[in-house]
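Inside the fold
Okay, here's what each chain looks like letter by letter:
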Amino acid sequence: MTLEAIIFENGRLKLLDQLQLPFTTSYIDIETIQEGWEAINKMKVRGAPAIAISGVLTVAVELGKKKFDSIEQIKNFTFESLDYLVTSRPTAVNMADASQKMKDFCLSLEKTKVDTIEYKKQLLEKMKSMLDEDVATNKSIGKYGASNILNRLEGQEKACVLTHCNTGSLATGGYGTALGVVRTLMEMGKLEHCYCTETRPYNQGSRLTAYELVYEKIPSTLICDSMAGLLLARKKISAIVVGADRVVANGDTANKIGTYQLAILAKYHNVPFYVAVPSTTIDLNKKNGSEIIIEERPSKEMTHVNNVRIAAEGISCWNPCFDVTPAELITGGLITEFGVFKPNELEAKIKQILKL
């Protein structure tokens, strides 16, 4: 059974508190826009797709409980709430993308001349559909990614994959992006082993990815971030597969800090480097990585683990949450729900498919 990070039933939203993992599996109730914002900002829920789904469903919770006298009131409440939730984590594009899509839906629904009750009902149904759509997207990403990796292998050889941060069920509506590729390989009987990095400073790899891998009995090994070079030199790694928080038009990719150095190592060791993302993570409004805002997190995330100080008192810290991998280092390709594309063809392919 796949882990569920997001549960939405009967108008109630529960989020798996990922700050408590791997020691405690507990869910928090989200009843207000502010509670949703704080859960995202404090990284109780994280991962670009999960942030977007959680944000939209947070609006659905309050929307479902409130009384409105007009469509204009519903629209204003929805727009203001979405705008506020976008500010919770600025680097991940999915929340902004979901916000814009919900706004567009509101405007198109308004043109159908439905009454206030029907308007609210259809808007809530649209919001709730995000969960199922995300799982279907992830499974498509898994299929295309696994197939592309296997096509590079010889004969009946199984794949050995290295991944970074957390990109599984905990980071999405279910199944996962990069970890979804690993899951698909496992389901096909074509996975030899999965290595995951600890992903300092917040340890999403050791706390979350390792938790998922053990939970689903996937053959796996945890390594420290600083061990990746030796791993590639000593072990036969078929591919490195990571997720992303934003991919821009030229293919430059913002992802968890440490991704850039993995891509450099992959290039040196001739290991295909893949980025697995839904099309909602692709931001064609930005031309290259220099335009991406990089979120910086509190120093305490570096200096403390479980509120225990591990760094010298008084030391200064620089704690960017993401880095940007140049497109030319994404040698395997960008795995989307529509196929695997080289960075230099990404913009044209996405525009053609989505009719932009």
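Our subject in this report is the structure included herewith. (Residues numbered from 1 in each chain as written. Predicted model: local features only at pLDDT ≥ 70, side-chain atom pairs only at ≥ 80, totals over all residues. Heavy atoms only, no water.)

This brings us to the side chain of Glu 337. The residue Glu 337 is located in the loop between strand 15 (333-336) and strand 16 (339-341) in this model. As a buried residue without a salt bridge, Glu 337 has its nearest oppositely charged side chain in Lys 101, at a separation of 7.3 Å. There is a polar contact of 2.7 Å between the side chain of Glu 337 and the side chain of Ser 279. Other than its neighbours up to four places away in sequence, Glu 337 contacts Thr 137, Ser 140, Ile 141, Tyr 144, Val 277, Pro 278 and Ser 279. (Helix = DSSP H or I, 4+ residues; strand = E, 2+ residues; numbered from the N terminus. Buried < 20%, exposed > 50% of the residue type's maximum accessible area, 1.4 Å probe, protein only. Lys, Arg positive; Asp, Glu negative; His and termini not counted. Salt bridge = Lys/Arg side-chain N within 4 Å of Asp/Glu carboxyl O. Polar contact = N/O pair within 3.5 Å; in protein donor to acceptor, adjacent residues only side chain to side chain. Contact = heavy atoms within 4.5 Å.)

On to the pattern of salt bridges. One pass over the full model with this rule turns up 18 salt bridges. The partner of Glu 347 in a salt bridge is Lys 287, and the shortest N-O contact between them spans 3.4 Å. Here Glu 347, found in helix 11 (residues 343-354), pairs with Lys 287, found in the loop between strand 11 (282-283) and helix 10 (300-303); they are 60 residues apart in sequence, far enough to count as distant. Through salt bridges with shared partners, a single network forms among Arg 89, Glu 295, Arg 297 and Glu 301.

As enumerated under the stated definition, the model contains zero disulfides in all. Summary of cysteine pairing: Cys 196 is not part of a disulfide, and the nearest cysteine sulfur, belonging to Cys 194, is at 6.1 Å. (Disulfide = S-S within 2.5 Å.)

Each pair of packed helices can be summarised by the angle the axes make with each other and by the distance between the axes. Axis separation between helix 3 (residues 71-86) and helix 4 (residues 93-110) bottoms out at 9 Å; the angle between their running directions is 170 degrees. Accordingly, the angle class assigned to the pair helix 3 and helix 4 is roughly antiparallel. From helix 3, Ile 71, Glu 72, Lys 75, Thr 78, Phe 79, Leu 82, Asp 83, Leu 85 and Val 86 reach across to helix 4, where they touch Met 95, Ala 96, Ser 99, Met 102, Lys 103, Cys 106, Leu 107 and Glu 110. In terms of residue class, the contact of helix 3 with helix 4 is made up of ten nonpolar, two polar and five charged. (Axes fitted to C-alpha atoms, helices over the stretch in contact; angles between N-to-C directions. Parallel < 35°, antiparallel > 145°, perpendicular 65-115°, else oblique. Nonpolar A, V, L, I, M, F, W, Y, C, P; charged D, E, K, R; others polar.)

Right, let's get into the packing of aromatic side chains. Each aromatic ring pair is characterised by the separation of its centres together with the angle its planes make. Going through the model one piece at a time under the given rule, you end up with three aromatic pairs. A centroid spacing of 5.5 Å and a plane angle of 10 degrees characterise the contact between Trp 37 and Tyr 84, whose relative ring orientation is stacked. In this pair, Trp 37 is assigned in helix 1 (residues 33-41) and Tyr 84 in helix 3, connecting sequence segments 47 residues apart. According to the relative accessible area criterion, Trp 37 is buried, its value standing at 17%. Classification of Tyr 84 as partly exposed rests on a relative accessible area of 31%. Between Phe 68 and Phe 77, the ring centres sit 5.8 Å apart and the planes meet at 50 degrees, which makes this aromatic pair tilted. (Phe/Tyr/Trp six-rings, centres within 6.5 Å; stacked < 30°, edge-to-face > 60°.)

To continue, consider helix 3. Each full turn of the α-helix corresponds to 3.6 residues, which orients residues three or four apart in the same direction. Along its 16 residues, helix 3 runs 23 Å from first to last C-alpha, staying within 8% of the 22 Å computed at 1.5 Å per residue. Among all positions in helix 3, only Ile 71, Ile 74, Lys 75, Phe 77, Thr 78, Ser 81, Leu 82 and Leu 85 are buried. Down the axis, helix 3 shows its buried residues gathered within 165 degrees of arc, on one side only. In this structure, the buried side of helix 3 is in contact with helix 1, helix 2 (48-65), helix 4 and helix 5 (116-151). (Expected span 1.5 Å × (residues − 1). Arc of directions from axis to C-beta.)

Glancing now at unusual backbone geometry. Between Leu 21 and the following residue, Pro 22, the backbone shows a cis peptide bond with an omega angle of 5 degrees. By the secondary structure assignment, Pro 22 is in the loop between strand 2 (12-16) and strand 3 (27-30). Cis geometry is found at the peptide bond from Arg 200 to Pro 201, where omega equals 5 degrees. Relative to the helices and strands, Pro 201 is located in the loop between strand 5 (191-197) and helix 7 (204-215). Of note, the phi angle at Cys 165 is positive, near 60 degrees, even though the residue is not glycine. Taking relative accessible area as the criterion, Cys 165 reaches 8% and is therefore assigned buried.

Taken together, seven strands build an open sheet; the order of strands is 6-5-4-7-10-15-16 and the sheet is mixed. Bordering the open sheet on either side are strand 6 (220-223) and strand 16, each of which pairs with just one other strand. When strand polarity is set aside, the average angle formed by the axes of neighbouring strands in this sheet is 25 degrees. Packed on one face of the sheet, helix 5 meets strand 4 (159-163), strand 7 (239-242), strand 10 (273-276), strand 15 and strand 16 and runs near 145 degrees to strand 15. (Pairing = 2+ DSSP bridges.)

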